[in-house]
Amino acid sequence: MHDIFIIGGGINGCGIARDAAGRGHSVFLAEMNDLANGTSSGSTKLIHGGLRYLEHYEFRLVREALMERERLWHSAPHIIWPLRLILPHHKGLRPAWLLRLGLFLYDHIGGRILLPTTRSIDLRSDPAGRALKPGFERAFEFSDCWVDDARLVVLNARDAADKGAEIRTRTKAVAARREGDHWVVEIEDLTTGAREEIHARMLINAAGPWIDRVLGQTIGRNDAHNVRLVKGSHIVIRRKFEDPRSFFFQNSDGRIFFAIPYEDDFTLIGTTDEDFPGDPANAAISDSEIDYLCASASEYFAEPVRRDDIVWTYAGVRPLFDDGADAAQEATRDYVLKVEKKSGAPLMNIFGGKITTYRRLAEAALEKIEKQIGAKGKPWTAKSVLPGGDFGVDEVEARIEALCTQFPFLARAHARRLIRLYGTRARTLLGDARSARDLGRHFGADLYAAEVDYLMRLEWAQDAQDILWRRTKLGLRLDAKQAAALDAYVSEVMAASDAPAGSGKDRV
Ligand code: FAD
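Below is a short write-up of the structure.

The next subject is the overall build of the protein chain. Each helix and strand in the protein chain was counted, giving 13 helices and 20 strands. Whereas a compact globule of 508 residues would reach a radius of gyration of roughly 23 Å, the protein chain reaches 23 Å, a difference of no more than 12%. For the C-alpha atoms alone, the extent of the protein chain along its principal axes is close to 70 × 60 × 40 Å. For the protein chain, with 508 residues in total, the buried portion stands at 60%. For the protein chain, the share of sequence-separated contacts (at least 6 apart) that also reach a separation of at least 24 residues comes to 71%. When the accessible surface of the protein chain is summed, it comes to about 20500 Å², and 49% of that surface belongs to carbon and sulfur atoms. When the 70 positive and 73 negative side-chain charges of the protein chain are each reduced to one mean point, those points stand 3 Å apart.

Dropping the structure here:
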C-alpha cells in the first residue's frame, strides 16, 4: 500500500513525487511515455515572473513566480541561469511609461536579490541594436532566468527516486477504482503489455493536458471539462544575432514573443497561443504558426526570418484551468488544486501551473495531501538542491575548469556541456576515464557511450529520442544515420539487461 499514486511524469507529477518522498511518504509515479515527454519539454524554458500577466492583474501568480526565480537558480545552478532580456519600445504599441511601471513592479514585488534590476538602453548605441531594424531607438533591459525544462523534470524524478519513490516510465494508468478507503490503480507496461495493480491511499491526477482524459477514461467520470488546452509552438533557427542577451518583443495583436540564444549556435523563437481540441500527443506546429512566428520576428530583426532558416520546431499544450476567458492568451496561467473525497479515498486534480511555480505547487499540493492522509514531514524543498546542483550560482566556470583539469582529454566545450547538464554528477558519468577511448563508442558530436549508459542507468532513458531531445539537445547535432546507430545501441543494451531503466543498476 503506497501513500500516494501519481499519474503523470511531467514537472508537476515529478515535483510532487520529490516533495512527498522527501517527507517520508511512499510514492508510486506512472508516466505513460518518457519523463517530460508532454508539455514539460515544450515550454519557452523561462523561469520568469511573467511580465505579461501583470496586464491581467495576476499579481499573486507573478509575485510567487518571481520569488521562485532565485530559489530555483540556487537549487540547480547547472540547468538554470540568469538571462537579460531586451524589450524594445515599439511606437504605436504599449507606451513606454506602462512598460517602465510594469518593470518597476517586476523588480520590486518578488524577492529579487542577485538578479540585476531593469535599465533603459539606447538601441542606437547599444550592441543589441545591431540585430534590429533601424527605427527601434529605446528599450528596457530586465532580468529573468533560463531553465532546461526537460532536465528539471528528470532531476526531480531522480531526487524522488533517491528518496524512495518508485518511478515507472512507459507505464500507463489504465484504470483506477476506489476500494474501501483506498485506490486500486491498474497500470500497463506499454513495452511488454504486462498489467499490474497498485494500491494507494490517495490518487493524484497530474496528467497535464490529459487531465480530463484521465478523469474520463481512467477514473470513469463523464463530467470532466475543466481544462482549456492551448497549444504553443516554437521555431529554432540558426543563430540570428551575436549578442548574448535575449529579446522580448511585442506584436501588434497584443501578444508577446521571445527570441533567445539557444544551444550556442541557434536562436529559439516563440511562442503562439491557439486553442487545441485534439489529442495533446499529436500537437505539432502548423503552417500558419510558422508564418506567424517568421513574420513577427521579421518585424524586428534587420535580417528577415525565413522558413529556410528553421532547423527544428516543437509544440506543447498548456493545460490551463478553464476560467472562461475569451482569448487563449488571456486564460489564467495560475494553478488550481482540487481535492475530491466523494466516498472513501481522496483524489486530487492538478490544473494549470508553470514550470516556474512547480515547487510551490508541490508544496501547496502536499499541504492538501497531508490533510487527507496525515502529515509525515515538513516543507523542505525551498532550500534544497537538485541532483548535481550542489555548488554556488557563481561557480559554474570554476566547475568547468576543474572538470578540464581532472579530465584533461576533454575539450572545453564538452566539459561545459557536461557541467551544464549534469553539474557535479558529470564526474560520476566520466568515472575513471583517462582518455576519450575510455568513454566508449562515439555516436557523433561529443556523445559517447559513457553518457548514454549513465542516462539509461540513472535517468530512465530508453531510446534515442529520450537522449537526443530530452536529456540533451544533441538532436540538433547528430544526423539521421548517427541517431539510428544510437537507437540500435540503446535497444541492444535494453534487450541484454533486465535492470529497469532509471533503477541505478548497470545495464552493461
Ligand atoms: P505535462 O508535462 O504534460 O505532464 C503530464 C504527463 O502525464 C505527460 O508526460 C503524460 O504523458 C502523462 N500522462 C497522461 N496520461 C497518463 C496516464 N493515463 N498514465 C500515465 N501517464 C499519463 N512555464 C514556465 O514556467 N515558463 C515558460 O517559459 C513556459 N513556457 C511555455 C510555453 C508553452 C508553449 C507551453 C505549452 C507551456 C509553457 N509553460 C511555461 C507552462 C509549462 O510548460 C506547463 O505548465 C507545465 O509543463 C505543465 O506540466 P504538467 O506536469 O502539468 O504536464
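Here the narrative resumes, following the displayed structure.
This part takes up the pairing of strand β12 (residues 246-250). Across the five residues that make up β12, a large majority, five, are buried. On β12, burial covers both faces: Ser246, Phe248 and Gln250 on one face and Phe247 and Phe249 on the other are all buried. Bridge count for β12 against strand β13 (residues 256-262) is four bridges, and the pairing is antiparallel. When the bridges of β13 are listed, Phe249 appears paired with Phe257. As consecutive antiparallel partners, β12 and β13 are separated by five residues, and within that stretch Gly254 has a phi angle of approximately 90 degrees, a positive value.

With that settled, consider the environment of His56. You can see His56 is positioned in the loop between β3 (46-47) and α2 (59-75). According to the relative accessible area criterion, His56 is partly exposed, its value standing at 28%. His56 sits 124 residues away from Gly180 along the chain, and the two C-alpha atoms are 44 Å apart.

Applying the stated criterion to the full structure yields 22 aromatic pairs. When the centroid spacing of 5.3 Å and the interplanar angle of 50 degrees are considered together, the rings of Phe249 and Phe257 count as tilted. A residue is classified by how much of its surface remains accessible, and Phe257, at 1% relative accessible area, is buried. Here the aromatic rings of Phe257 and Tyr300 are separated by 6.3 Å at their centres, their planes lie at 70 degrees, and the arrangement is edge-to-face. One end of the pair, Phe257, is in strand β13; the other, Tyr300, is in helix α6 (residues 287-300), with 43 residues separating them in the sequence. Of the residues examined, Tyr300 reaches a relative accessible area of 1% and is grouped as buried. The ring of Tyr335 carries the charged tip of Arg60 above its face, separated from the ring centre by 5.4 Å.

Okay, the pairing of strand β6 (residues 138-147) next. The element β6 is extensively covered by neighbouring structure, given that nine of its ten residues are classed as buried. Looking at chain direction, β3 and β6 are connected through two bridges and run antiparallel. Within the sheet, the bridge partner assigned to Leu46 lies in β6 and is Trp146. Relative to β6, strand β4 (residues 80-88) runs antiparallel, the two being bridged by nine bridges.

Attention shifts here to the packing of helix α12 (residues 464-471) against helix α13 (residues 480-496). Running from amino to carboxyl end, α12 crosses α13 at an angle of 120 degrees, the nearest separation of the two axes being 8 Å. The orientation of α12 with respect to α13, classified from their angle, is oblique. Along the contact surface, α12 presents Ala464, Ile467 and Leu468, while α13 presents Ala483, Leu486, Asp487 and Val490. Considered class by class, the residues forming the contact of α12 with α13 number six nonpolar, no polar and one charged.

What surrounds the ligand is a group of 37 residues, the closest being Glu31, Ser40, Leu46, Gly353 and Thr356. Thr39 has a polar backbone atom sitting 2.9 Å from an oxygen atom of the ligand. At 3.4 Å, a backbone N or O of Lys45 approaches an oxygen atom of the ligand. In isolation the ligand exposes 1000 Å². Once the protein is present, 98% of that is buried.

Among the secondary structure elements, Arg94 is positioned in the loop between β4 and α3 (96-108). Separated by 158 residues in sequence, Arg94 and Ser252 place their C-alpha atoms 9.5 Å apart. In contact with Arg94, not counting residues within four places along its chain, are Glu55, His89, Leu99, Gln250, Gly254 and Ile256. Polar side-chain contacts of Arg94 include one of 2.4 Å to the side chain of Glu55. At a separation of 2.7 Å, a polar atom in the side chain of Arg94 contacts the main-chain carbonyl oxygen of Gly254.

The rules behind each value
Residues numbered from 1 in each chain as written. Predicted model: local features only at pLDDT ≥ 70, side-chain atom pairs only at ≥ 80, totals over all residues. Heavy atoms only, no water. Helix = DSSP H or I, 4+ residues; strand = E, 2+ residues; numbered from the N terminus. Rg over C-alpha atoms; globule rule 2.2 N^0.38 Å. Buried < 20%, exposed > 50% of the residue type's maximum accessible area, 1.4 Å probe, protein only. Contact = heavy atoms within 4.5 Å. Areas by Shrake-Rupley, 256 points an atom, 1.4 Å probe, with all protein chains shown as cover. Lys, Arg positive; Asp, Glu negative; His and termini not counted. Charge placed at Lys NZ, Arg CZ, Asp CG, Glu CD. Pairing = 2+ DSSP bridges. Phe/Tyr/Trp six-rings, centres within 6.5 Å; stacked < 30°, edge-to-face > 60°. Lys NZ or Arg CZ within 6 Å of the ring centre and 35° of its normal. Axes fitted to C-alpha atoms, helices over the stretch in contact; angles between N-to-C directions. Parallel < 35°, antiparallel > 145°, perpendicular 65-115°, else oblique. Nonpolar A, V, L, I, M, F, W, Y, C, P; charged D, E, K, R; others polar. Near = heavy atom within 4 Å. Polar contact = N/O pair within 3.5 Å; in protein donor to acceptor, adjacent residues only side chain to side chain.

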